[in-house]
Every structure is written in structure tokens, then in C-alpha cells.
Amino acid sequence: MSLLIKGGTIVTHEETFKADILCKDNKIVEIGDIGEQPKDVEIIDATGKLIMPGGIDPHTHMQLPFMGTVAKDDFASGTAAALAGGTTTIIDFVIPNPQQSLLDAYHQWRDWAKKAHSNYSFHVAITWWDDTVAEEMNILVKDHGVNSFKHFMAYKNAIMATDDILVASFTKCLELGAIPTVHAENGELVYHLQNKLMAEGMTGPEAHPLSRPSSVEGEAANRAISIANTLGAPIYLVHVSTEEAVDAIRYAKDHGQTVFGEVLAGHLTVDESVYQNPDWATAAAHVMSPPFRPKHHQDALWKGVQAGTLQTTATDHCAFCAEQKAMGKDNFTQIPNGTAGVEERMMVLWEKGVNQGKITMNEFVALTSTNTAKIFNIYPSKGCIRVGADADLVIWNPAATKTISAKTHHSKIEHSIFEGMEIHGVPETTVCNGKLAWHNNTLMVKSGEGKYVDRPTYAPFYEALRKRQELNKPVAVKR
Ligand code: URP
Ligand code: ZN
Ligand code: ZN
Ligand code: ZN
């Protein structure tokens, strides 16, 4: 199966140039001025269009069992939405229950993901600790292509990782050559504030942001970064939403620490006024953690993106429908946390970033694909356009327009946090594994065609980190 994309402009994280691309099987095999081809080659005319690496969303939760229910978008609908929005790979999260075997949970998620239309990979969450967890981390890294482990510093009495777990797990990550990632919110403070607000009769979704003020994220971000620094481990902060967390990352980077920051399309563009909506269901539809923030945080996030303090963009796609959100009708702490966006991420970043002059097209590619591929060690198979790379591409029509709406999106939920946003420049065709996956407004691949993406450890980088540690090794005083 060959696919020839002719006449387009290739945009990578570092260059922009006109060239044709020939894909064979699931690889890019030729880039340049490509002439006559045998009959069995499918030709796509990309004149006037941009060809970029397929998006990689490093943070999704398809069919996540969470807060007493299960997220509506499963691996079939969620990855269909991804492809419709130009994203060809998602990195989802295996979240074992405390005391559950990591491997059992991992295999459970792998089984669910057999329905995927797009490519997918997994971070695995560390929600408890003992020697068997350490041993299973070994196996996941060595035999299952997992190179990142997630730690929820929030969600007390559920999946929260306390400091003892962070210390043990970050140490193990460094030993294995895997990267620890954190959801940085102080779970004790959230729990305290939730109870206080409920006792004061604040039971509606407007209480949600009050229970998770920016200082709660700032404290946890600083703590996680300090723990990683003390241990000599790298660290990746998911869904950074506050100025405090951006400052913490920048400070650590300035002091030589290896810290990465991810930002959500939602946090960049939606502000906390949504929780004041007089319609309960609309306000509840926006309940996610960390919450949407006052506007000055958005400015700090954009500056963090521009300065390179934040390197990746994600969605935290965790879709709950109105009926599920209504579980918290009398108690905002029971509203399932999560919003959707895997389909809209690239369009939103194009409109609010590129079109508004906040980022260049090349930075757009870095933020939506390349940086994630590099950090999670799937570059240059993914995240770039070069001969030998995987043929995961998006063909972008900068002249086309679209209005985002839940009426037309592929997510199963009836709400979009980006409802009504006008987009100038849309992903028209998505190529996944060398095949047309989204074309002419139609999903072209079947459920199950997505491939699991193995992510090896980044051995030389971790070797350097361990050497740095050696340099600081204490020496016992001879007496
Ligand atoms: O509200 C959210 N973000 N739900 C999904 C779980 C998480 O914290 O990422
Ligand atoms: Zn196994
Ligand atoms: Zn989170
Ligand atoms: Zn999440």
C-alpha cells in the first residue's frame, strides 16, 4: 500500500519547505520532487496545504473507571475523535487501584485499547507501594515498552501518592531509565477545602475552583520538583495550569534540573468564569482538575509556552456526559472530574496560538507532536517528517474554516468546552500508519487498526543523570 502526497508544504518543528511525500506500508520512504508512480499508488493533492507530523496527545483517559463511573469515550470513540482532529497517537494512563497488580491493570487497559483507531501507548500510575510494585515497574519497562510512571498527588482516599510513594517511585524510575510524571495538587488541602466548603453550604460547581486554588498546585509542583531534584531524577508535570507551577518549573530549569511541563488546550483558552454559569449542567460540564483559572494564569501559561518552560500540549481527555456529571447534583465533590478535547486540541492551538501570533507554525509542530515524541522517547519514529519515520501525518488546510461544536464532534458527550470557537485552518486529512485515516470528513480506518507504541528507555540520557549523581556521592570520613 503506497500513498503519495503531492504539492504540499512540509512543516516540521524546525523547517518549512515544499516537497512531495511517498509513504509505503507504514513508513515515509521518500521526500522530494516525486514523479510518475505505478498505478497502485494513491495520490493525494496537497496543493495549498501544510503537511505536519501527526499530533501526539500525551494525556488522555479513555474509558477510565473514575469517581464511581466510567469515562464515556472508550478507545474506539476517543481515538476516532483524535484522528478527526489530526492526532495519530495518544498516550493514555493505566491507573491500578491501590493494591492492584500493575501488570494486571496494564493488561486490562491493553485489552480495552484493542478497539483503538489511532496509535496508542501507556503511562502507568503508581497508586501504592511495596516491593512487588517495584518489581512490576521493572517488568513494564523491560518487557512492555512503558517508560513513564504517573503520580497523582491529589485524590485522597483513592489514588493519591503520598511523599513516601513519590520518593520510592522516583528513585525506581531513575534506576530503570523511566520518567516520573505528576499531577501536582496538594490532596490534603483539596480534601480539607472540599469539606469546609460543603459544611458552609457551598455544594455547587462554583465551589470546585475554590477547593483547588492555585496555591494548592503551586505547593505540589514545588514539592514534586524538589523531591526529584534531591533524588537526581527528571520530572514531567502534567496539566500545568498556574503561574506558580510555571515559575517553579522555570526556576528548576534555570538551576540545571531536568523538568518538563505539559499544558492543556483547555487551560490555555477557557477561564474560571465558566463555574459561575447559572445553568448547573453547563458549570458542572467544566469540572475538571486542576480547574480552569483566572485569566492572568492563562497569560502565564502562554508565556511559559513561548519561553520553552512548557514543552507539550495535551487534553486530559476524560469525557463524562451530563447524566454522569449529575451524580454530584447535591455535592460538587461527587461530580466526576474531566473534560473532553482530544479532537479539538490542535485546532484550538492553531487558532489561539498560530493565528493570533503567539507561536509560529514550527513551534506548533513542536508543541503538538515533536516535543512529546522526544520526551517520551519515540522520536524520530514519531514527531517528525523524514525518510524512515512512521507515516503519521496531518494535512492541514490553512484556508478552511470550522466552528467547534458538540453537535459535530466525535466524542460521545453532549458538551464541548470549546463550543462555538471559530477555527481558521483545519486538519483535513489524517494519515495514520501510512493509510488515510480521516479524509473527506470521513473516518477511513476500522476500530482495532491502531497500533500499540512501545517506548524504550532513554538509556544514554539516564546514564548521564546517574553519572551526575555519582559526582555528588558522599564519602565517609575515615576515623
Ligand atoms: O479532572 C481530571 N483531570 N480528570 C482526569 C484525571 C486527572 O486528574 O488527570
Ligand atoms: Zn505482560
Ligand atoms: Zn490529573
Ligand atoms: Zn489526567
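Treat the numbers as computed from the prediction; the structure is a model and nothing was measured.

With that out of the way, let us pick up helix 2 (residues 102-112). The α-helix advances 3.6 residues per turn, and as a result positions three or four apart in sequence lie on the same side. Buried within helix 2 we find Leu102, Leu103, Ala105, Tyr106 and Trp109. Buried residues of helix 2, viewed axially, fall in a sector of 160 degrees; they line one side. Tucked into the core, helix 2 has its buried residues touching strand 9 (65-66), helix 1 (75-84), strand 11 (87-94), strand 12 (119-125) and helix 3 (131-144). Regarding helix 2, its N-cap is Ser101, as a side-chain oxygen of that residue lies 3.2 Å from the backbone nitrogen of Leu103 further along.

Turning to the coordination of the zinc ion (ligand 3), a few remarks are in order. For the zinc ion (ligand 3), every protein donor is listed as His183 (ND1) and His239 (NE2), and the spread of their distances is 2.0 to 2.1 Å. A separation of 3.6 Å is found between the zinc ion (ligand 3) and the zinc ion (ligand 4). Here His183, found in strand 14 (residues 179-183), pairs with His239, found in the loop between strand 15 (235-237) and helix 8 (243-254); they are 56 residues apart in sequence, far enough to count as distant. The two residues His183 and His239 agree in class, both being buried.

To continue, consider the coordination of the zinc ion (ligand 4). Looking at the metal site, the zinc ion (ligand 4) is ligated by His59 (NE2), His61 (NE2) and Asp316 (OD), spaced 1.9 to 2.2 Å from it. Geometry at the zinc ion (ligand 4) is irregular, judged from its four donor atoms and the angles of 84 to 137 degrees they form at the metal. Within one chain, the residues donating to the zinc ion (ligand 4) are spaced in sequence as H-x1-H-x254-D. Residue His61 is classed as buried on the basis of its relative accessible area, which comes to 5%.

This part takes up the UniProt feature "modified residue: N6-carboxylysine" (unreviewed entry) in the chain. Taking the numbering used here, the UniProt-annotated feature "modified residue: N6-carboxylysine" (unreviewed entry) corresponds to Lys150. Inspection of the secondary structure assignment puts Lys150 in strand 13 (residues 148-152).

Once that is clear, we can look at the sheet that holds strand 6 (residues 41-45). Strand order in the open sheet formed by four strands is 5-4-1-6, and the pairing between neighbours is mixed. The open sheet has two edge strands, strand 5 (27-32) and strand 6, and neither has a second partner. With strand direction ignored, the average angle separating the axes of adjacent strands in the sheet is 20 degrees. Bridging between strand 1 (residues 2-6) and strand 4 (residues 20-24) involves four bridges; their strand directions are antiparallel. Residue Leu4 lies in a different strand from strand 4, and its bridge partner there is Leu22.

Thresholds applied
Residues numbered from 1 in each chain as written. Chains lettered and ligands numbered in written order. Predicted model: local features only at pLDDT ≥ 70, side-chain atom pairs only at ≥ 80, totals over all residues. Heavy atoms only, no water. Buried < 20%, exposed > 50% of the residue type's maximum accessible area, 1.4 Å probe, protein only. Helix = DSSP H or I, 4+ residues; strand = E, 2+ residues; numbered from the N terminus. Arc of directions from axis to C-beta. Contact = heavy atoms within 4.5 Å. Polar contact = N/O pair within 3.5 Å; in protein donor to acceptor, adjacent residues only side chain to side chain. Donors = N, O, S within 2.8 Å, 3.2 Å for Na, K, Ca; no water. Tetrahedral: all angles 85-135°; square planar, octahedral: opposite > 155°, others 65-115°. UniProt positions renumbered as here; feature names shortened; annotations may be inferred. Pairing = 2+ DSSP bridges. Axes fitted to C-alpha atoms, helices over the stretch in contact; angles between N-to-C directions.

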